[in-house]
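Architecture at a glance
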Amino acid sequence: MARRKKIYEGKAKILYEGPEPGTIVQYFKDDATAFNAQKKDVIEGKGVLNNRLSEFFMTGLANIGVPTHFIRRLNMREQLVRSCEIIPLEIIVRNTAAGSMSKRLGIEEGTQLPRPIVEYCLKNDELGDPLVSEEHIAAFGWASQQDMDDIVHLALRVNDFLSGVMLAVGIKLVDFKIEVGRVYEGDFQRLIVADEISPDSCRLWDIETGKHLDKDVFRRDLGSLTDAYTEVAQRLGVMPRSNGATKPTLIN
Ligand code: UDP
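So, here is what we can say about the structure in this document. The structure presented is a predicted model; accordingly, all values stated were derived computationally and were not measured.

Side note on the sheet that holds strand β1 (residues 6-9)
- An order of β1-β2-β3-β7-β6 is seen for the 5 strands of this open sheet, with the pairing classed as antiparallel. The open sheet has two edge strands with one neighbour each: β1 and β6 (70-73). Recorded for the sheet is a direction-independent mean angle of 25 degrees between the axes of neighbouring strands.
- As judged from the 5 bridges shared by strand β3 (residues 23-28) and strand β7 (residues 78-82), these two strands associate in the antiparallel manner. Pairing of Ile24 across the sheet is with Val81, part of β7.
- Seen against the sheet, helix α1 (residues 46-63) touches β3, β6 and β7 and runs at an angle of roughly 135 degrees to β6.

Following this line, the structure appears as structure tokens:
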């Protein structure tokens, strides 16, 4: 069998050419990075959990009519996705102040925001993904006005969906990041949710205790990241609950 072609290797995933034109295989690594890759580690099982969780969220979104790149999960660490042109923006939606917004604006972490706030960062590691405004996006042509309308619409639908799914299992969705891609269908083009949705790209707090169940566990050295992600997966019914005897198998 011919060795498949690697298209791109990022911090947490590798993309390979897919089996059919217009498809890509997305491989989830165990690597964790934070602070623009200044902090790095390998967290055994993280890739397996994120592959499963991203499948769960993307499938749920498709079920309510939000288009995504997800086609199907292939195995423990890989999923088949639709190839698309990634818009060079990280789209962040916030329900509660935390992280960089709290630092930037001096708003205490945990403060409920009056409404969901959508922010954009330019995808550029060398510049540390700087925050940009719609003015910058329009002036530099990173996305059109129509794209921006579609992006806000998609982002808020994802927010409503994820907030509800999380609330049902006792988790508060504080904020999250998505990426959006463009696909062409005949004479038309449309935007779809791409990349991944996982605890790597969301802030998730236990409603009762405020316990962090997301990548802040790694960023802030709060304990085991695998345990936190496993807890999210188990609450959502994505991973079987162990009865204490054995942990779910996360390595392959
Ligand atoms: N986020 C992400 N990738 C990034 C930057 C942020 O997935 O490159 C997510 C992050 O996990 C959080 C949300 O976007 O859920 C908002 O992040 P923030 O701007 O507060 O940045 P941070 O404090 O993580 O540097």
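From this point, things continue past the structure.
A closer look at the pairing of strand β9 (residues 89-96)
- When you tally the buried positions in β9, you get 8 out of 8 residues, the bulk of the element.
- Bridge analysis of β9 against strand β10 (residues 112-122) gives 7 bridges, and the strand direction is antiparallel. Paired with Ile92 across the two strands is Glu119, which belongs to β10.
- As paired elements, β9 and strand β12 (residues 171-185) share 4 bridges and run antiparallel to each other. Bridge pairing links Ile92 to Lys177 in β12.

Description of the pattern of salt bridges
- Enumeration over the complete set of coordinates arrives at 30 salt bridges.
- With its nearest N and O atoms 3.0 Å apart, the salt bridge here joins Lys177 to Glu179.
- Since its relative accessible area comes to 16%, Lys177 is described here as buried.
- Assessed through its relative accessible area of 5%, Glu179 is described here as buried.
- A salt bridge links Arg203 to Asp216; the nearest nitrogen and oxygen atoms lie 2.6 Å apart. Here Arg203 is found in strand β14 (residues 202-206), whereas its partner Asp216 is found in helix α5 (residues 216-219), with 13 residues between them in sequence. The residues Arg203 and Asp216 share a single accessibility class, namely buried.

A few points about the packing of aromatic side chains
- Throughout the structure, instances matching the rule amount to 2 aromatic pairs.
- Judged by centre distance (5.5 Å) and plane angle (70 degrees), the rings of Phe56 and Phe57 are edge-to-face.
- The ring of Phe218 carries the charged tip of Lys39 above its face, separated from the ring centre by 5.0 Å.

Overview of unusual backbone geometry
- The phi dihedral of Asn36 is positive, around 55 degrees, even though this residue is not glycine.
- Positive phi, normally seen in glycine, also occurs at Asp195, with a value near 60 degrees.
- Structurally, Asp195 can be placed in the loop between β13 (188-194) and β14.

So, the packing of α1 against helix α6 (residues 225-235)
- Their axes nearest at 10 Å, the elements α1 and α6 cross at an angle of 25 degrees. By the angle between their directions, the pair α1 and α6 is classed as roughly parallel. The way α1 lies across α6 gives a crossing that is left-handed. Along the contact surface, α1 presents Lys46, Leu49, Asn50 and Leu53, while α6 presents Leu225, Thr226, Tyr229, Thr230, Val232 and Ala233.
- When grouped by side-chain class, the residues that make up the contact of α1 with α6 number 6 nonpolar, 3 polar and 1 charged.

Procedures and definitions
- Residues numbered from 1 in each chain as written.
- Predicted model: local features only at pLDDT ≥ 70, side-chain atom pairs only at ≥ 80, totals over all residues.
- Heavy atoms only, no water.
- Pairing = 2+ DSSP bridges.
- Helix = DSSP H or I, 4+ residues; strand = E, 2+ residues; numbered from the N terminus.
- Axes fitted to C-alpha atoms, helices over the stretch in contact; angles between N-to-C directions.
- Contact = heavy atoms within 4.5 Å.
- Buried < 20%, exposed > 50% of the residue type's maximum accessible area, 1.4 Å probe, protein only.
- Salt bridge = Lys/Arg side-chain N within 4 Å of Asp/Glu carboxyl O.
- Phe/Tyr/Trp six-rings, centres within 6.5 Å; stacked < 30°, edge-to-face > 60°.
- Lys NZ or Arg CZ within 6 Å of the ring centre and 35° of its normal.
- Parallel < 35°, antiparallel > 145°, perpendicular 65-115°, else oblique.
- Left-handed = near helix turned anticlockwise from the far one by under 90°.
- Nonpolar A, V, L, I, M, F, W, Y, C, P; charged D, E, K, R; others polar.

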